[in-house]
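# Remarks on the overall topology
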Amino acid sequence: MQSIERDRYYIIGERILFVGFFLAAWLLCGFISYTDGDDAYFSSMAHSMPLWEYLKMRYIGWEGRMTSETMTYLAFYFGKGFWQPANAFIFTMLPAGLIHLVKKLAGEKEPRQSFFTALLIYVLVLCLGIEVIGYGAFWITGSTFYLWSIAAGIWGIMPFADLVYRREDMRLLSFLYGIPCGFIAAMGQEQIGAVVIAFAILAVGYEIYHSRRVPVWHLIEIVIMAAALIVLFISPGTEARTQTEILRFMPQYETMSMGNHIFITVQWMLSSFANEGKLLFFMIWIFAMLLMLQKKNRSSRVFALIAGIEAVVALFPFLGVSFCSEMGMGVTDFNQCVTQVAEPSSLTGQHWLALLWWGTAMVFTLALLWALGEKRLEKLQLTLLLLAACASEGIMFFSPTMYASGARVYFVAQILLWFLAGLLGAKLLRQGKIQILILAGAAGILNAVCSIGTVASYL
């Protein structure tokens with residue numbers, strides 16, 4: 001009887017966490033005002049053109065992200081009084097979706113474990129890059145193009161997680177939200193669309209390989225998402241927009257060599273990990289170190305030692321030490337045209353040290369995650385999450401606004417790293433290591449305190 005009563009408290013506690021997170025997000029959204037740039041433009045369009053005419057104009061003349069464009073139009077048409085609670089709710093549904101995924105992958109059903117897993121995921125949100133979450137979730141235009149599409153993608157993948165990890169939870173009703181959410185993500189933001197489709201295809205392939213049957217509804221959702229992504233990419237406005245943005249933001253885009261183009265993409269991606277993503281990697285390495293130390297063999301101790309060193313170095317930027325995070329991009333203002341991109345010959349020894357350090361760290365982390373997995377499926381899921389985070393940023397190779405887009409284009413990668421940290425942390429929580437919540441909270445507080453000036457600029 002006491003056990004049932006205690007379980008009820010944990011269930012109520014998890015619901016309180018959800019409501020508390022929503023209220024905190026709503027409070028923050030209440031401080032956000034329109035900006036003079038994109039916010040002003042979209043507000044003007046929403047109040048001067050019918051929705052269909054607006055979408056036609058954008059698709060033909062600018063881009064194919066029709067679901068994001070629709071959500072943006074509606075947010076500005078109904079005004080801040082609508083956007084503030086709507087954005088707070090969608091922002092809350094993002095960690096809620098990650099919590100559900102972690103539970104499905106970990107096979108968690110016990111209320112106490114479920115509560116602490118939820119608490120960990122909510123706390124880890126404080127470890128995201130402040131500018132990433134600011135531009136991607138609390139800038140009004142950024143939220144409708146990034147946060148809303150990404151949250152939809154997280155819930156769109158849910159039927160595929162059930163297919164692989166929770167067959168007993170599979171219901172046709174899940175496609176009532178899965179298919180619309182998948183469609184919104186795929187036609188709303190190509191980074192999350194590509195990630196969701198890739199994992200969906202892997203899930204269906206896994207099911208066909210193991211059961212020799214085709215999951216029809218899952219296949220239908222994949223086809224709908226793929227068609228939506230294709231429609232996004234074939235927008236007549238894409239080519240004209242690309243040419244305009246080349247002239248405005250990166251004149252060298254079409255003339256630089258393939259080798260140099262690959263170089264600046266890798267440099268930009270590793271720089272984002274070392275600066276905006278440093279605390280997420282810190283948590284991943286610390287959790288992995290603690291898990292490796294439990295294996296009590298020589299190779300595991302070596303993995304744990306290296307992970308601990310990587311975690312310590314990841315914190316150096318908080319001390320003003322940048323020799324492992326400054327990679328010589330030479331871009332200080334993302335709003336300005338980059339007339340000269342970095343070249344290998346322009347980097348100093350310190351820049352090369354930082355590049356090699358983080359490049360090696362990524363390779364090491366893949367090996368670490370593979371070693372952590374207890375079964376082949378778990379090994380694949382952990383390593384694929386990191387590879388997907390890299391790919392979601394690597395896709396910016398095809399965009400001349402790689403620098404100009406700013407921190408919001410790191411959002412998808414950071415959600416995947418957040419999810420990865422949550423999976424590793426959940427393994428520790430299942431072993432009774434509740435202390436990691438204190439560690440995650442301390443890291444989040446450090447991030448928040450060091451970013452007070454940045455946060456104030458958004459309010």
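The present account deals with the structure reproduced in this document. (Residues numbered from 1 in each chain as written. Predicted model: local features only at pLDDT ≥ 70, side-chain atom pairs only at ≥ 80, totals over all residues. Heavy atoms only, no water.)

### Quick word on the environment of Tyr 59
Relative to the assigned elements, Tyr 59 resides in helix α3 (residues 51–61). Tyr 59 gets classed as buried once you look at its relative accessible area, which sits at 18%. Note: C-alpha distance between Tyr 59 and Val 231 (172 residues apart in sequence) is 9.8 Å. When sequence neighbours within four positions are dropped, the list of residues in contact with Tyr 59 reads Gly 64, Met 66, Val 231, Ile 234, Ser 235, Pro 236 and Gly 237. (Helix = DSSP H or I, 4+ residues; strand = E, 2+ residues; numbered from the N terminus. Buried < 20%, exposed > 50% of the residue type's maximum accessible area, 1.4 Å probe, protein only. Contact = heavy atoms within 4.5 Å.)

### Description of the side chain of Thr 67
Structurally, Thr 67 can be placed in helix α4 (residues 66–78). Exposure remark for Thr 67: the relative accessible area of 10% places this residue in the buried category. For Thr 67, the residues in contact, after removing those within four places along its chain, are Phe 183, Ile 184, Met 187 and Gly 188.

### Quick look at unusual backbone geometry
Of note, Arg 212 is a non-glycine position whose phi angle comes to about 60°, a positive value. You will see that Lys 296, though not glycine, has its phi angle at about 55°, which is positive. Looking at the element boundaries, Lys 296 is found in the loop between α15 (278–293) and α16 (298–314). A residue is classified by how much of its surface remains accessible, and Lys 296, at 66% relative accessible area, is exposed.

### Here we look at the state of the cysteines
In protein chemistry, a disulfide is the covalent bond that joins the sulfur atoms of two cysteines. Taken as a whole and judged by the stated rule, the model has zero disulfides. The structure places no disulfide on Cys 29, whose sulfur is separated from the nearest cysteine sulfur, that of Cys 181, by 19 Å. Take Cys 127: it sits in no disulfide, and the sulfur closest to it among the cysteines is that of Cys 450, at 12 Å. A relative accessible area of 1% places Cys 127 in the buried class. (Disulfide = S-S within 2.5 Å.)

Geometric descriptors of this kind do not, in isolation, establish any biological role.
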